Amino acid sequence: MSELRHRSAVSPLRRAVTGRFADRRGVRANQRLPLIDEIVRAHRPEDPMHCLRPAVLAAAARSFVAAFPGEVLYAVKCNPEPAVLRALHAGGVRHFDCASPAEIRLVRQLFPDAEIHYMHPVKGRAAIREAWVAQGVRDFSFDSMAELEKILAETEGQPGLGLFVRLVPPKAETMYDLSGKFGAVPAVAVELLRRAAAVAERVGICFHVGSQCMEPAAYARAIALAAEVARESGVRIDVLDVGGGFPVSYPDVTPPPLADFMEQIADAFAATGLADHGCRLWAEPGRALVAPGVSLVVQVQHRRGDELFVNDGVYGSLSDAGVPAFRFPARLIRLDRAAAQEQTGFAFFGPTCDSADRMAGPFHLPADAGEGDWIELGQLGAYGGSLRTAFNGFDQARLVEVRDRPLLETPGYDLIAIAA
Ligand SMILES: *Cc1c(COP(=O)(O)O)cnc(C)c1O
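Nothing here was measured: the structure is a model prediction, and the numbers come from that model.

(A) Local environment of the domain arrangement of the protein. Partitioning the protein into domains gives domain 1 (5-53 + 291-401) and domain 2 (54-290). Between the C-alpha centres of domain 1 and domain 2 the distance comes to 30 Å. Counting residues at the interface gives 33 residues for domain 1 and 35 residues for domain 2. Buried area between domain 1 and domain 2, summed over both chains or domains, comes out near 2,900 Å², and the portion from carbon and sulfur atoms is 63%. Inspection of the region where domain 1 meets domain 2 yields 1 salt bridge. Asp-252 is the salt-bridge partner of Arg-327, the closest N and O atoms lying 3.1 Å from each other.

Written as structure tokens, this is what we have:
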């Protein structure tokens, strides 16, 4: 059985890289990993426990890389845990979309040969310089003339620069609309592209349709708009980067199959004619690669009616269960006696003193769930551990590697085949 590691999960980026996860962990290695229930039985954990499924992470990456007609960049902010990054690398991911110096350093340390792309449209000057000089980063995104001038000043007109104009895409059906903060409107993007083409070795257009996008056609609309911007500018773009946003399943939420997204993207791209002069497609998935690969195991400390007080919450790994009101698949883990057959929809309270630390759910569990029981919450590999805070001193979380199957499947991803 793998040892349990106590660690502060506040900033995975500052933690030492352990290096204990073999790069090409195969099915045999996966079979040596414990099951979640075995760990709970042996350790009866009173701290929240992150259960990482390396084989599932690698399989999700493999599915996406195989399906996408271009390069796949993993959006590191989604989950920067080194073991997660290694599993994605084992699944064939060789490009990383980073947004801070710490993310860039982490990826460079783990994979000296990785292609790192700095796709945050607003960066500090020293951060640009470090990325360019010390970390070998060549691609930068921007959405204003001021940011472009900043990048040009810090890279001192040296050769090799790649410049990516971040475009505001048309509205789409998503859980998170990201268009309010970043992105140039088409008329501005045209100007930015012309200026970029005059100074850079490669130019591209990127966008983000919004996270957990349920609508394959949203990518097609954004691709058509990007092509219009390129045509209007007269610039031959080298890359069209369709960003992230690819969805996964949640309880009562089943996205269209991955193939529908890929078909819409490939067809829309073909219709632009951009490939005729060598333009390539990139994508920056985050959630879709990592959500199914990590579960969180919490323990119930108290029950009040249909509300369970558990040991993690919105200031920990369950941020998305708070205001965005994501529901996660839930499974009761009880060691000593059978659970009730009947199900109840529970709300959760987290461990902090803040009354905002509440998760409406409903999380469906056996009706007799109560103090001492453990609960596995699935689909938490994305934006779970990476959003933890130390508020109220609840910053301890354990990290273990397991061989369990994911609690939910997303259509188009071959995750079951690998988990034994
Ligand atoms: C967050 C982010 C992503 C990943 O988004 P998902 O919805 O998790 O796929 C990709 N690109 C950029 C620029 C981002 O900010």
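Further notes follow.
(B) Representation of the UniProt feature "domain: Orn/DAP/Arg decarboxylase 2 C-terminal" (unreviewed entry) in the protein in the model. Sites flagged by UniProt as "domain: Orn/DAP/Arg decarboxylase 2 C-terminal" (unreviewed entry) map to residues 295-377. Across residues 295-377, the secondary structure splits into 0% helix and 46% strand, with the terminal C-alpha atoms separated by 6 Å.

(C) Molecular detail of the pattern of salt bridges. Applying the stated criterion across every chain yields a total of 20 salt bridges. The partner of Arg-202 in a salt bridge is Asp-139, with the nearest N and O atoms 2.8 Å apart. Within this pair, whereas Arg-202 is found in strand S8 (residues 202-206), its partner Asp-139 is found in strand S6 (residues 139-142), the two being separated by 63 residues in sequence. Judged by its relative accessible area of 22%, Arg-202 falls in the partly exposed class. The residue Asp-373 makes a salt bridge to Arg-334 at a minimum N-O spacing of 2.8 Å. With Asp-373 in the loop between strand S15 (358-366) and strand S16 (374-377) and Arg-334 in the loop between strand S13 (330-333) and strand S14 (343-349), this residue pair connects regions lying 39 residues apart in the sequence. When its relative accessible area of 3% is taken as the criterion, Asp-373 is described as buried.

How each quantity is defined
- Residues numbered from 1 in each chain as written.
- Predicted model: local features only at pLDDT ≥ 70, side-chain atom pairs only at ≥ 80, totals over all residues.
- Heavy atoms only, no water.
- Domains from an automatic or database assignment.
- Contact = heavy atoms within 4.5 Å.
- Buried area = accessible area lost by both parts, 1.4 Å probe.
- Salt bridge = Lys/Arg side-chain N within 4 Å of Asp/Glu carboxyl O.
- UniProt positions renumbered as here; feature names shortened; annotations may be inferred.
- Helix = DSSP H or I, 4+ residues; strand = E, 2+ residues; numbered from the N terminus.
- Buried < 20%, exposed > 50% of the residue type's maximum accessible area, 1.4 Å probe, protein only.

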